[in-house]
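Okay, here's what each chain looks like letter by letter:
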Amino acid sequence: MEQVQEIRVLYGDTDAYGVVWHGAYTKWFEAARVDAVENSLGINLGELEANGILFPVVEMNIRYKSSAKINERIIIKTRISEVTPLSIKFESKVYDKITGALRVIGAVTIVVTDAKTGKMYRKMPEDIYNKFLGAKTDI
C-alpha cells in the first residue's frame, strides 16, 4: 500500500527564508499517516480511541534533501515499511510535483497503547495487526 497526497505549499508553511519550515513536514506526515490508516486500511481511529486504543508516535526521523518553497506543489508518498506485534513504521517521501526532485524523507514509528493506563500493549490486537501487516510494502 502506498498513499499519495498532493499539497500546495502555503505562506504559513514557510519560514523567514521563504522555504518550507522544518516543522511543517511533521504535520504533513501525520496527515498522510492518518489518511493511510483510516482510508486505505479502514481503521477508524476515533472508534479505536473510544475503545481505549491509542497510536502515539514514539520515534520520528527526518532527512532534508532540498528545500520546497511557497506555492510549490508537492507529492507525499507514504507507505508502511515495518510491522511488528509492538509497532508500525511509516516511511514518507516528499517530491516536487513538477521536477520530481526529492525534498524530504521521513520515518515515523507508532505503538499501540492503552488509553486509560498509557501503557504499551505487549501485543497489538490481532485484527489490527493483520490489517497493517497486509498493507506493508517492501522497498
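Here the structure is shown first, and the text comes after it.
Quick caveat: nothing in here was measured; it's all calculated off a predicted structure.

Student: Would you explain the sheet that holds strand β6 (residues 102-111) in this entry?
Tutor: Two orientations exist for strands paired in a sheet by backbone hydrogen bonds: parallel and antiparallel. Pairing is antiparallel in the open sheet, where five strands are placed in the order β1-β4-β5-β6-β3. Both edges of this open sheet fall to β1 (2-8) and β3 (57-64), since each of them pairs with a single strand only. Averaged over neighbouring strand pairs, the angle between their axes works out to 20° when direction is ignored. Bridge count for β1 against strand β4 (residues 73-83) is seven bridges, and the pairing is antiparallel. Within β4, the position partnered with Q5 by the bridge is I76. Helix α1 (residues 22-40) rests against β1, β3, β4, β5 (87-96) and β6 of the sheet, and its axis sits at about 135° to β1. On the sheet, helix α3 (residues 126-135) packs against β4 and β5 and is oriented at approximately 120° with respect to β4.

Parameters and conventions
- Residues numbered from 1 in each chain as written.
- Predicted model: local features only at pLDDT ≥ 70, side-chain atom pairs only at ≥ 80, totals over all residues.
- Heavy atoms only, no water.
- Pairing = 2+ DSSP bridges.
- Helix = DSSP H or I, 4+ residues; strand = E, 2+ residues; numbered from the N terminus.
- Axes fitted to C-alpha atoms, helices over the stretch in contact; angles between N-to-C directions.
- Contact = heavy atoms within 4.5 Å.

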